[in-house]
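Architecture at a glance
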Amino acid sequence: VREDVPAAVDECIKAGIAVKIVTGDTPGTAKEIGRQIGLWSEKDGYKNIITGPEFAALSDKELDKIVLDLKIIARARPMDKKRLVEALQRKNQVVSVTGDGTNDAPALKNADIGIGMGITGTEVSKSVSSMIIADDNFSTIVSAVEEGRRIDDNILKAIQFLLSSNIGEIVVLFTAILLTPFLMTTFGIPDAYVNALEPLLPVQILWINLVTDCFPALALGMEKAEPDIMRRKPREAKAGIFSGGMGVDIAYQGLMVSALVLLSYFIGHYMESGVWEFVTSEHGMTMAFLTMSMAEIFQGFNMRSRHGS
C-alpha cells in the first residue's frame, strides 16, 4: 500500500464516497490491505468480505440487499466487477471504477466514470475509460473529486449571484411601474400628486449588468475551494440547479436588494427636496443606482460561500 493511500481513503469516506476493494487476492490478503488503508477493522470480521464464487452464487435480489454494505470482494473474477457496478447502479449510486487490465474493460465501460491507469494500464482499458490517471495514484482521484466539487460549487455561486441580482433589478422596475396605478386606484390619490416612477435609467441598468454584475461573477468562478468541501455528502446526480434551497435563496436575496433600492430612491429624493412624494427624481435615481451597485458588490462577497457567513 502506498503511503498516501490511507489518507486518501479516509478523505473519501469523510466526503461520503464509499470505497470497495475488488481483487483476485485471497480473503486474508484482501482483508490486510483493507486494514492498512483504513477500510476494514478487526470488529468487522468477515461480514463485509465475500469471495468471487460466493458473490456469483447470489441472486440479483440477494445482492441488492447487501451490495451497499460490501467492502471487499476477494478471489474476484473479471465479470464480478461488472456485476457489482450494475448492482450499485440499481441502488441509484454513481459508480466509479479503477482498472488497468483487459479484464477490467467491461466494468470500466459500464461504470458512470471508468478510470484507467496511465502507466500500467493496457490499451484496451484506457480506450474504454472516461478518464485516465497519468500517475496511477489513488490520491489523484481524490484530488480530482475535490476540484470537481470546487468547480460545481463556483458555477452555482455565480448562477445564484447573477439571478438574485437580476431579480432585484426586475422587481425594482416592475414595482415602480405598478406603483402609480396602484396608489391612484387603491387610495384615490389623483395623478396630480402621483407620477410614473423611473428609479433607474436604461444606461444605469446596462452599467450594472455589464460591469457591477459581470466582474464579481467571473471572480466567483475562480474562487478557491471552501474548507468543508470534502466534508459534505455528494450532490445527487439528478439534482437540479435550484435544489437544496437555492431557489429560495435567490428569491429572498433579490427581494431584499430591490427593497433597499426602492427605499433609497425615496430617501435620496427626500434628502434633496425635503418632501416625501412619488415623482421621478434625479436625486432618487442617483441614490438608487449607487445602492444597487454597492448591493451587488456586497452580494459578490456574500456569495463566496453559499451557506457560511
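For the structure itself, consult the block above.
Note that the structure is a prediction, hence the values are computed from the model and not measured.

Before going further, it helps to examine the pairing of strand β5 (residues 113-117). Within β5, four of the five residues are buried, which leaves it mostly tucked inside the rest of the structure. The pairing of strand β4 (residues 96-99) with β5 spans four bridges and is classified as parallel. Counterpart to Thr98 in the pairing with β5 is Ile115. In the sheet, β5 pairs with strand β6 (residues 131-133) via three bridges, with the strands oriented parallel. If you follow Ile115 over to β6, its bridge partner there is Met131.

With that settled, the discussion passes to the packing of helix α9 (residues 202-212) against helix α10 (residues 214-221). Relative orientation of the contacting elements α9 and α10 amounts to 20 degrees, with a least axis distance of 4 Å. With respect to α10, the axis of α9 lies roughly parallel. Residues Asn209, Leu210, Val211 and Thr212 of α9 form the contact with α10, whose participating residues are Cys214, Phe215 and Pro216. Of the residues contributing to the contact of α9 with α10, the split by class is five nonpolar, two polar and no charged.

Let us look at helix α5 (residues 78-90). Taken residue by residue, α5 has Asp80, Lys81, Arg83, Leu84, Val85, Ala87 and Leu88 as its buried positions. In this fold, the buried residues of α5 make contact with β1 (21-22), α3 (52-57), α4 (60-66), β3 (72-74), β4 and α6 (105-110). Downstream of α5 by one or two residues, Asn92 has phi in the positive range, about 60 degrees.

Moving on, we come to the nonpolar core. Core analysis: the biggest nonpolar cluster contains 18 residues, and Val172, Leu197, Leu200, Val261, Tyr265 and Met292 have the highest contact counts within it. For this core, the elements supplying multiple residues, two or more each, are α8 (138-187), α9, α11 (246-273) and α12 (282-302). When residues no more than four places from it in sequence are discounted, the contact partners of Val261 are Val172, Ala288, Thr291 and Met292.

With that out of the way, let us pick up the sheet that holds β4. Each strand in a sheet pairs with its neighbour through backbone hydrogen bonds, running either in the same direction (parallel) or in the opposite one (antiparallel). If you trace the three strands from one edge of the open sheet to the other, you get β4-β5-β6, paired in parallel fashion. Looking at the sheet topology across the chains shown, the edges are occupied by β4 and β6. In this sheet, adjacent strand axes meet at a mean angle of 25 degrees when their direction is disregarded.

What follows deals with a nonpolar patch on the surface. A grouping of Ile170, Phe174, Ile177 and Leu178 is seen on the molecular surface, where their side chains present a nonpolar patch of about 440 Å² in accessible area. In this fold, Ile177 is placed in helix α8.

Turning our eyes to something else, we now look at the sheet that holds β3. If you walk across this open sheet you meet the three strands as β1-β3-β2, and the pairing is parallel. Edge positions in the sheet fall to β1 and β2 (49-51), since each of these pairs with one other strand and no more. Taken strand by strand, helix α2 (residues 27-36) contacts β1, β2 and β3, and its axis lies near 150 degrees from that of β3.

A few words on the side chain of Asp153. Here Asp153 lies in helix α8. Ignoring anything within four residues of it in the chain, the contact list for Asp153 reads Glu226, Ile229 and Arg232.

Buried residues of α10: Pro216, Ala217 and Leu220, and no others. Down the axis of α10, the buried set is contained in an arc of 100 degrees. They therefore lie on one face. Facing away from the buried side of α10 by over 90 degrees, the exposed positions are Phe215 and Leu218. In the core, the buried residues of α10 are packed alongside α8, α9 and α12.

Before going further, it helps to examine the pattern of salt bridges. Two side chains that carry opposite charge are able to pair once their charged atoms sit near each other. Enumeration over the complete set of coordinates arrives at 17 salt bridges. Among the ionic pairs, Arg232 bridges to Glu226, the shortest N-O distance being 3.6 Å. Judged by relative accessible area, Arg232 falls into the partly exposed class, the value being 26%. The structure contains a network of salt bridges with shared partners spanning Asp153, Lys157, Glu226, Asp228 and Arg232.

Attention shifts here to the environment of Ala295. Along the chain, Ala295 turns up in helix α12. Placed 39 residues apart in sequence, Ala295 and Met256 show a C-alpha to C-alpha distance of 9.6 Å.

This next bit is on the pairing of β4. Regular strands have side chains that alternate between both faces of the sheet. In β4, alternate side chains face the same way, and those of Val97 and Gly99 are buried while those of Ser96 and Thr98 on the opposite face are not. Following the chain from β4 across α6 to the adjacent parallel β5, one finds a crossover that is right-handed.

Calculation rules
Residues numbered from 1 in each chain as written. Predicted model: local features only at pLDDT ≥ 70, side-chain atom pairs only at ≥ 80, totals over all residues. Heavy atoms only, no water. Buried < 20%, exposed > 50% of the residue type's maximum accessible area, 1.4 Å probe, protein only. Helix = DSSP H or I, 4+ residues; strand = E, 2+ residues; numbered from the N terminus. Pairing = 2+ DSSP bridges. Axes fitted to C-alpha atoms, helices over the stretch in contact; angles between N-to-C directions. Parallel < 35°, antiparallel > 145°, perpendicular 65-115°, else oblique. Contact = heavy atoms within 4.5 Å. Nonpolar A, V, L, I, M, F, W, Y, C, P; charged D, E, K, R; others polar. Core = buried A, V, L, I, M, F, W, Y, C linked by side-chain atoms within 4.5 Å. Patch = residues over 30% accessible without salt bridge, like charges linked within 9 Å, V, L, I, M, F, W, Y side chains within 5 Å. Areas by Shrake-Rupley, 256 points an atom, 1.4 Å probe, with all protein chains shown as cover. Salt bridge = Lys/Arg side-chain N within 4 Å of Asp/Glu carboxyl O. Arc of directions from axis to C-beta. Right-handed = clockwise from strand over helix to strand, strands pointing away.

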